[in-house]
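Coordinate inspection notes
What follows is the residue order along each chain.
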Amino acid sequence: TSLKDIKELPIITKELIRKNNLDFVSNYFDKKKLLTQVTSGTTGTPLEIFKTEKSNSLFFALGWRHKSRFGLTINDRRLTCSGRIAKSYEPNDLVIANSLFTNRSYFNGCDINENNIDKFSDYLNKNSFGFYEGYPSVVDWLAQLLNKNKLRILNRPKLIVTGSEQTSKVQKERWLKTFGARTTEFYGTAEFVGCLSECEYGNLHEDFECGHIEIIPTDDEYTKKMIQTGWGNPAMPFIRYNIGDTVKPKDGKCPCGRESKIFEDLSGREEDYIITPNKGKLMGLSQVFNKAKNVIQMQAEQNTINSVNLKIVPSKNFEKSDLDILL
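Owing to the predicted nature of the structure, the values given are computational and were not obtained by experimental measurement.

**A word on the overall build of the protein**
In terms of helices and strands, the protein carries seven helices and 18 strands. Counting only contacts in the protein whose residues sit at least 6 apart along the sequence, the fraction spanning at least 24 positions is 61%. Of the roughly 17,600 Å² of accessible surface on the protein, 51% is carried by carbon and sulfur atoms.

Structure representation (structure tokens):
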């Protein structure tokens, strides 16, 4: 009869969903007509998610409501810094991919290194962007190389919007110095079980239109585990889902006037990378994992600049073709 009753249900995990993926899809929907997305894998194992077009639109609406708090509009040109390859991306021809439809440019973190950082610097100074967005690890890699090579960015954005990974205080300070812009954070998930968006006072607010967040104690008295229930995506709703992220709740009301739950810190989302011989960084390693459906877990271990050890936990259906895909 109320959200209090939800605690009578068991908590579900990523491992349970991965093993029974299609069983979590609602029978009311035709799977062939649903959109699919794979989670980033920054908190454990990547998952394939099925969702409706309407839920996809709601997710983007929440993201744009967050941006609008800081004066951004849909007409602002944006720079996306990510580790995922854009559909129009041609690695032999392009360093920078452009998308006219979304009025944006795309930097792939895998391409940014000391040998070409001047190209990225020139591009940023010849083009004006309303805001930067993307993975903190890629934005920070760009900032570190610009600083190391004493390259100044004169065309400065209004804002830097981050997601997918946690953003550290050190990173925010570095970006303010390098790009001259403050940072704001939007926490969303491909599973669409909940969103948190930062306000003008630096607090993370629960966006309760798409889900409900339970707070579960951990060994640390300040940090709490998030158990999330989502109703933003009726095609694949998760009830009492342990996503693996933790938060630090904050007491009292926020000066911004919004009355949703507030949090002051988010942790658990860290992205690793591989260093390449040309001193670049390979990020978004979950994209490799996603190609091999019969691997339960994977770990990439780098001890030298020229080699990587790949450790896998195979499922009972694992075949040589899965290994070929990984390699």
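Picking up where we left off.
**Comments concerning the packing of aromatic side chains**
The geometry of an aromatic ring pair comes down to the distance between the two centres and the angle between the two planes. Under the definition given, this model contains eleven aromatic pairs. Centroid distance Phe107 to Phe120: 4.7 Å. Interplanar angle 75°. Geometry classified as edge-to-face. Pair noted here: Phe107 is in strand β5 (residues 104-108) and Phe120 is in helix α3 (residues 117-126), with a separation of 13 residues, a long-range link. Each of the two residues, Phe107 as well as Phe120, counts as buried. Summarising the aromatic geometry, the rings of Tyr123 and Phe129 are spaced 6.4 Å apart at their centres and angled 35° between planes, so their arrangement reads as tilted. Judged by its relative accessible area of 3%, Phe129 is buried.

**Digging into the side chain of Asn233**
Structurally, Asn233 can be placed in the loop between β12 (224-230) and β13 (241-249). Looking at Asn233, its side chain comes within polar contact range of the main-chain nitrogen of Thr52, at 3.4 Å. When neighbours within four sequence positions are excluded, Asn233 is seen to be in contact with Ile49, Phe50, Lys51, Thr52, Ser55 and Phe192.

**What about the pattern of salt bridges?**
Taken as a whole and judged by the stated rule, the model has twelve salt bridges. We note a salt bridge from Lys253 to Glu259, for which the minimum N-O separation is 4.0 Å. The same class applies to Lys253 as to Glu259, namely exposed. The structure contains a network of salt bridges with shared partners spanning Arg65, Asp207 and Glu209.

**Overview of α3**
Ile117, Phe120, Ser121, Tyr123 and Leu124 are the residues of α3 that are buried. Along the long axis of α3, the arc covered by the buried residues comes to 165°, so they all point the same way. Away from the buried face of α3 by more than 90 degrees, exposed residues Lys119 and Lys126 are located.

**Here's the deal with the confidence of the model for the protein**
When pLDDT is averaged along the protein, the result is 84; 87% of the residues meet or exceed 70. Per-element mean pLDDT across the protein ranges from 61 in strand β4 (residues 96-99) up to 95 in strand β7 (residues 159-162). In the model, residues 88-95 has pLDDT below 50 throughout and makes ten contacts with residues more than four positions away in sequence or in other chains.

**Description of the packing of helix α4 (residues 136-148) against helix α5 (residues 169-179)**
Put simply, α4 and α5 touch, their axes get as near as 10 Å, and they point 50° apart. Put simply, α4 runs oblique to α5. By crossing handedness, the relation of α4 to α5 is classed as left-handed. For the pair formed by α4 and α5, the contact residues are Pro136, Val139, Asp140, Leu142, Ala143, Gln144, Leu146 and Asn147 on the first element and Gln171, Arg174, Trp175, Thr178 and Phe179 on the second. A class-by-class count of the residues in the contact of α4 with α5 yields seven nonpolar, four polar and two charged.

**Some points on the environment of Ala300**
As for its placement among the helices and strands, Ala300 is situated in strand β17 (residues 295-304). The exposure class assigned to Ala300 is partly exposed, which follows from its relative accessible area of 35%. On a C-alpha basis, the gap between Ala300 and Tyr273 in space is 9.1 Å, while along the polypeptide they are 27 residues apart. What Ala300 contacts, discounting residues up to four positions off in sequence, is Ile274, Val308, Asn309 and Leu310.

**Details of the packing of α3 against α4**
With their axes 10 Å apart at the nearest point, α3 and α4 run at an angle of 100° to one another. For the element pair α3 / α4, the angle class is roughly perpendicular. Residues Ile117, Phe120, Ser121 and Leu124 of α3 form the contact with α4, whose participating residues are Leu142, Leu145 and Leu146. Residues belonging to the contact of α3 with α4 are distributed by class as follows: six nonpolar, one polar and no charged.

**Considering unusual backbone geometry**
You will see that Lys150, though not glycine, has its phi angle at about 55°, which is positive. Relative to the elements of secondary structure, Lys150 occurs in the loop between α4 and β7. You will see that Phe192, though not glycine, has its phi angle at about 55°, which is positive. For Phe192, the location among the structural elements is in the loop between β8 (182-187) and β9 (196-198).

Calculation criteria
Residues numbered from 1 in each chain as written. Predicted model: local features only at pLDDT ≥ 70, side-chain atom pairs only at ≥ 80, totals over all residues. Heavy atoms only, no water. Helix = DSSP H or I, 4+ residues; strand = E, 2+ residues; numbered from the N terminus. Contact = heavy atoms within 4.5 Å. Areas by Shrake-Rupley, 256 points an atom, 1.4 Å probe, with all protein chains shown as cover. Phe/Tyr/Trp six-rings, centres within 6.5 Å; stacked < 30°, edge-to-face > 60°. Buried < 20%, exposed > 50% of the residue type's maximum accessible area, 1.4 Å probe, protein only. Polar contact = N/O pair within 3.5 Å; in protein donor to acceptor, adjacent residues only side chain to side chain. Salt bridge = Lys/Arg side-chain N within 4 Å of Asp/Glu carboxyl O. Arc of directions from axis to C-beta. pLDDT = per-residue confidence, 0-100. Axes fitted to C-alpha atoms, helices over the stretch in contact; angles between N-to-C directions. Parallel < 35°, antiparallel > 145°, perpendicular 65-115°, else oblique. Left-handed = near helix turned anticlockwise from the far one by under 90°. Nonpolar A, V, L, I, M, F, W, Y, C, P; charged D, E, K, R; others polar.

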